[in-house]
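Chain by chain, the residues:
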Amino acid sequence: LREDTLASLPPDCSPLLVRLVRELSAARSFSDLHLETGLPLDTLYLLAGHLAEWGHARVALPLTEESLFALRPDAPTHADSE
C-alpha cells in the first residue's frame, strides 16, 4: 500500500510528502512523526490533509493503553477468523 501511494504521487511533489509517506504508521501519532522526522506539526497536518483528501490516508485517533473497544456479540474472535 505504501509503495502504491508513493508510485501515485506526481514526480514534482514535495520531498517532504514522500518522506512523510515513508514514515507513516498507524502506530505513530502526529507528535511521534514530528519528533522522528523533524517536520513541523503544521506541515505534518497540511501533508496529512492532502493525503486524506486524495484518498491515500485516513486520520485516526491513536491507540493507547486507555483505548476501549466493543465487539458485536457475534464477532468471530478465534485466531484463524477473517
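Keep in mind that this is a model prediction, so the values were computed, not measured.

Asks: I keep staring at the confidence of the model for the protein chain and nothing clicks. Help me out?
Replies: Reading fine detail from the predicted coordinates is not recommended where pLDDT is low. Chain-level pLDDT for the protein chain is 88 on average; 99% of the residues reach the 70-or-more range. The lowest-confidence element of the protein chain is helix α1 (residues 2–8), averaging 89 in pLDDT; the highest-confidence one is helix α4 (residues 41–53), averaging 93.

Asks: What should I look at first to understand the pattern of salt bridges in this one?
Replies: Note that side chains of opposite charge can pair when their charged atoms are close. Here the structure, examined in full by the defined rule, presents three salt bridges. The salt bridge involving R28 is made with E36; its shortest N-O contact spans 2.7 Å. Judged by relative accessible area, E36 falls into the partly exposed class, the value being 46%. The shortest N-O distance in the salt bridge between D74 and R72 comes to 2.8 Å. Look at R72 and you get exposed, because its relative accessible area is 53%. What you see here is one network of salt bridges that share partners, running through E23, R28 and E36.

Reading the values: the criteria
- Residues numbered from 1 in each chain as written.
- Predicted model: local features only at pLDDT ≥ 70, side-chain atom pairs only at ≥ 80, totals over all residues.
- Heavy atoms only, no water.
- pLDDT = per-residue confidence, 0-100.
- Helix = DSSP H or I, 4+ residues; strand = E, 2+ residues; numbered from the N terminus.
- Salt bridge = Lys/Arg side-chain N within 4 Å of Asp/Glu carboxyl O.
- Buried < 20%, exposed > 50% of the residue type's maximum accessible area, 1.4 Å probe, protein only.

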